[in-house]
Structures are given as structure tokens and as C-alpha cells.
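Close look at the chain arrangement
Listed below are the residues making up each chain.
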Amino acid sequence: GERGGMFAAAAVEHASHCVLRLAARLTHREGAVESTVRLLGRLPAGFTDAAGDVPGPSAAADGRGGRRGEGGLPVLSPKAAAALGAEMAAMLLAGGGAGLATRGTWLGLVRFAAAVSASADERGARAGSEALSSLCSHSAHACPLHESLPELWPLLLLHARACRTPAHCERAVGLMADVHARLREETAGGGGEAPSEEWRADWLLVLRGFCSLCLDTRLPCRDAPLLALQRAVLAGDPPALPPAVWAEAFEQAVFPLLTELLRQWVAATDAAEQERLMLRGVTLLSKAFLHHLSGLLSLRSFHLLWLRALELLEQFLRAPQSELLAEAVPETLKNMLLVMGASGAFESRARVGDTPQTLAQLTAAVVETMCPQLSGSPDLAGLWHEAQPAAAPAVAAA
């Protein structure tokens, strides 16, 4: 019954203490940490069974004041979480990470730290966060970070989604941002070579992860992942990162994020908060697009990216009952048009795609429909003036 479950849970926690304490004492012996940590995987109750980026806060209570996560990682009782976090920290400090000889050992501890970090109180959550941070800093002892990211990133997402306070959330997202920064450094050390396909996949995985947190309405601080996403997208490029990868970033991360933010607006319970996030999403789109404009312009499919961006801006402009967006979107669009015009984006008289129009003509037609007041703006008159000659027969013959 319930009493038996409580006894079993207490026994597992006690066994965990013993395993981690033993690992700390034997950390200087070759292979000792690996052998002892392997015992954690044999403990019952799914302490190391994390299936992915499932949120912990929605789990059912386990009868001891703690909670069990849907992915198998339990959110431990406050007392146990804090103590187990301390044991992990002691083990790592004792050996400086040298005992983490294999990827399996390191990931086993990361899974356990993710469970600890999901504690119901601030002290336990902080202990788990510190353990996770220490483990991430010692990842080089076990394997290159990019090799472990497919397993590590879902655990960090689980850790972030278990947050119950804004401060805890900011620490969790900060750790994810640090991991991303280290991934960039690790990849950029390749002597100026273009990033591998594996790195590109990892990078897009990171961006999609930040986006998923931005859309998690249970998160106590959605600003943190949105800021991390913006920094990731606007950060200095790794060596020779092709424009096509940035196009993928828009298609797989930025555009879907804005689409979902707009969908959430319809059923938002906190309209002011959702409206503010939508405005920040529009700002992200504008800054990211202009930041990478020179590279994106070299793509044959640039007009498709640009038309999709315009489509999203129009949808945000027409968001029901949002005076904030109704004022902000036209100003954002105007700034984007001016910067693109100054960059020469509308100077080409070549037809785009299967249309008989230039990019400037396509843009003028869309802007006239979505925001007529901008079409006649003196600041933009030069853009549309340059577009008209493109319809001449000479352009069609070219």
C-alpha cells in the first residue's frame, strides 16, 4: 500500500546516498566512479529513465511531498534532493571530473542530477542545478559535447520545465545557454572549416529547444528562453556557416515560434503577458532577419523567406484586440523595408521564382494590402519607384 511505497522510496534514496558517497571516496581510483555510478542505473523507481523533454510539474504526487515526472525521473522530496545534490557535488569536486571516464558514466550522473533538480523546494532545486552545471563543465572528460548533445539536451529541457520559480527558471535556461556557447566554441575550433552536418543538426536542435520553452505556458519565466534564443540567433557566426543554415533556422525555429505564439493568443488566459511575448517575437524576427540579410539575399529562395516573414507580420498586425501590435508591427515593417532598401535588396530587376515580378514589386503589392499607410510613405517612395521599371519588356526578355 501507500506505506510500502513510502518505505521503498526511502530505501532507494538511501541507496542513492551510499552509491554517490562511495563514488566520491573512490574517485581517484581508475574505473571506480564508473563502476559505482553504474549502480544508479540499477536502482528501481526510474531514477535514470529520462525519455526526453517531458515536463515534470504536471506529474502526480508520490505521497511523500515529492512528485514523479512523466518521463520516469522522480521529483524527489526536498530533503533528499538537497542531500543527493550535495553528494554529487562532493564527488565531482573530489576528483575534478577526472573520474568521469566514459560517456555512459557522465550521462548517468546527468540523468540523476536532472531528477535532483526537480525538487519541490528552492534548496533542492539549486543543488540539482549546481550538480548539472558542474557535470556540463566536466563533459570533456567523458566525450566531446557535440557527441552527447542529443542525450543531454532533452535532460536540460526536462530540468528547465520542472522549474517552479522565475529564479530557478533563469538558472536552468542560463545553463542551457552556456552549453550552447561551449558547443559553438568546440565547433569553431576546427581551423576555419565549415561546420559539419552533425553540428548543424545540433545547432537546430538547440534553437528548437529554446523555442519549445518559449511556448510552454507553465514556465514561470518565458522571457528567459526567448532572450536565450535571441542571443543564439544573433551571436557571431561560426566559421563559414552557410546562408542555407540560417534559412533553416527561420523555417524550423523562428517562423514556427511566431505561428504558435499567435495561436496561443486566441486562448490566452493572461492577455497582457501573451501580447508582450508576441511583441518580443516580432522584434526577434526583425532583428534576426536583418542581422543575416546579406547572407540570405544570396539564396535563390530568399523571396520565399521574405514573403513568409511578411505573412507573419500581417497576421500579428491583425491579431484581434491588440492595440500594442497594431502600433508596433507597422513601425517594425517600415524599419525592415528601409534597411533592406539601403542594402540593395530591391535593386535587382530580375523576376523572382515563377512570377513576372521583381522582389520590390512583390513587396509593394503585399505592403499595399497589409499596411496601405506605408505604401504612400515618403520614406519608402524610392523603393516602389525603383520597382516600376522592372515590369518593362527588357526585364522579361532577360
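Our subject is the structure listed above.
The following refers to the structure shown.

Conventions used here
Residues numbered from 1 in each chain as written. Predicted model: local features only at pLDDT ≥ 70, side-chain atom pairs only at ≥ 80, totals over all residues. Heavy atoms only, no water. Helix = DSSP H or I, 4+ residues; strand = E, 2+ residues; numbered from the N terminus. Buried < 20%, exposed > 50% of the residue type's maximum accessible area, 1.4 Å probe, protein only. Contact = heavy atoms within 4.5 Å. Areas by Shrake-Rupley, 256 points an atom, 1.4 Å probe, with all protein chains shown as cover. Axes fitted to C-alpha atoms, helices over the stretch in contact; angles between N-to-C directions. Parallel < 35°, antiparallel > 145°, perpendicular 65-115°, else oblique. Left-handed = near helix turned anticlockwise from the far one by under 90°. Nonpolar A, V, L, I, M, F, W, Y, C, P; charged D, E, K, R; others polar. Polar contact = N/O pair within 3.5 Å; in protein donor to acceptor, adjacent residues only side chain to side chain. Core = buried A, V, L, I, M, F, W, Y, C linked by side-chain atoms within 4.5 Å. Phe/Tyr/Trp six-rings, centres within 6.5 Å; stacked < 30°, edge-to-face > 60°. Salt bridge = Lys/Arg side-chain N within 4 Å of Asp/Glu carboxyl O. Expected span 1.5 Å × (residues − 1). Bend = angle between axes of the 7 residues up to and from the residue.

Here the focus is the overall build of the protein chain. Scanning the protein chain from terminus to terminus reveals 18 helices and 2 strands. Expressed as a percentage of the 398 residues in the protein chain, the buried residues total 50%. Taking contacts inside the protein chain between residues at least 6 apart in sequence as the whole, the part at least 24 apart equals 71%. Of the roughly 17,400 Å² that the protein chain leaves accessible, carbon and sulfur atoms contribute 54%.

Their axes nearest at 11 Å, the elements helix α11 (residues 271-291) and helix α13 (residues 302-317) cross at an angle of 160 degrees. In this view, α11 runs roughly antiparallel relative to α13, as classed from their interaxial angle. Here α11 and α13 pass one another in a crossing that is left-handed. Residue-level inspection shows Met278, Val282, Leu285 and Phe289 of α11 in contact with α13, the latter providing Phe302, Leu305, Trp306, Ala309, Leu313 and Phe316. Within the contact of α11 with α13, the residues separate by chemical class into 10 nonpolar, no polar and no charged.

Turning to its location among the elements, His159 is positioned in helix α6 (residues 145-161). Polar side-chain contacts of His159 include one of 3.4 Å to the side chain of Ser129. Apart from the residues lying within four places of it in its own chain, the contact partners of His159 are Ser117, Ser129, Leu132, His168 and Ala172.

The next thing to look at is the environment of Arg300. Checked against the element boundaries, Arg300 lands in the loop between α12 (293-296) and α13. Exposure remark for Arg300: the relative accessible area of 81% places this residue in the exposed category. Arg300 sits 52 residues away from Val352 along the chain, and the two C-alpha atoms are 8.3 Å apart.

Below, the discussion takes up the nonpolar core. The biggest cluster of nonpolar side chains holds 98 residues, and the ones touching the most others in it are Leu257, Phe289, Trp306 and Leu333. When residues in this core are grouped by element, the largest group, 13 residues, is from helix α10 (residues 243-266). Other than its neighbours up to four places away in sequence, Trp306 contacts Phe289, Leu333, Met336, Leu337, Met340, Phe346, Leu359 and Thr363.

Moving on to unusual backbone geometry. Note on backbone geometry: most residues besides glycine have negative phi, and most peptide bonds are trans. At Gln321, a position not held by glycine, the phi torsion is positive, near 55 degrees. Positionally, Gln321 belongs in the loop between α13 and α14 (323-342). You can call Gln321 exposed: its relative accessible area is 78%.

What follows deals with the packing of aromatic side chains. For any pair of aromatic rings, geometry is given as the distance between the ring centres together with the angle between the planes. By the definition in use, this model includes 6 aromatic pairs. Taking the centre distance of 5.6 Å and the plane angle of 85 degrees together, the rings of Trp153 and Phe210 count as edge-to-face. Of this pair, Trp153 sits in helix α6 while Phe210 is found in helix α8 (residues 197-214), placing the two residues 57 residues apart along the sequence. Under the relative-accessibility criterion, Trp153 is labelled buried at 1%. Ring centres of Phe289 and Trp306 lie 5.6 Å apart, and the angle between their planes is 40 degrees; this geometry places the pair in the tilted category. One end of the pair, Phe289, is in helix α11; the other, Trp306, is in helix α13, and 17 residues separate them in sequence. With respect to class, Phe289 is no different from Trp306; both count as buried.

Right, let's talk about the pattern of salt bridges for a bit. Side chains carrying opposite charge are able to pair once their charged atoms draw close together. Per the counting criterion, the structure on display carries 9 salt bridges. The partner of Arg161 in a salt bridge is Asp216, with the nearest N and O atoms 3.2 Å apart. Linking Arg161 in helix α6 with Asp216 in the loop between α8 and α9 (223-234), this pair joins segments that are 55 residues apart in sequence. Residue class for Arg161 comes out buried when judged on its relative accessible area of 9%. Here Glu314 ties to Arg318 by a salt bridge, and the two come within 3.4 Å at their closest N and O atoms. Salt bridges sharing common partners tie together Asp223, Glu273, Arg276 and Arg280.

With that settled, consider the packing of α10 against α11. Two quantities define a packed helix pair, namely the angle between the helix axes and the distance between the axes. Where α10 meets α11, the closest approach of the two axes is 10 Å, and the angle between their N-to-C directions is 155 degrees. The orientation of α10 relative to α11 falls into the category roughly antiparallel. The two elements α10 and α11 meet at a crossing, and its hand is left-handed. Residue-level contacts link Phe250, Val254, Phe255, Leu257, Leu258, Leu261, Leu262, Gln264 and Trp265 of α10 to Ala271, Gln274, Glu275, Leu277, Met278, Gly281, Leu284, Leu285, Ala288 and Phe289 of α11. A per-class count over the contact of α10 with α11 returns 15 nonpolar, 3 polar and 1 charged.

An ideal rise of 1.5 Å per residue puts 34 Å on 24 residues; α10 measures up with 34 Å between its terminal C-alpha atoms. Its maximal kink placed at Phe250, α10 deviates by approximately 35 degrees.

These figures come from the coordinates and say nothing about function on their own.
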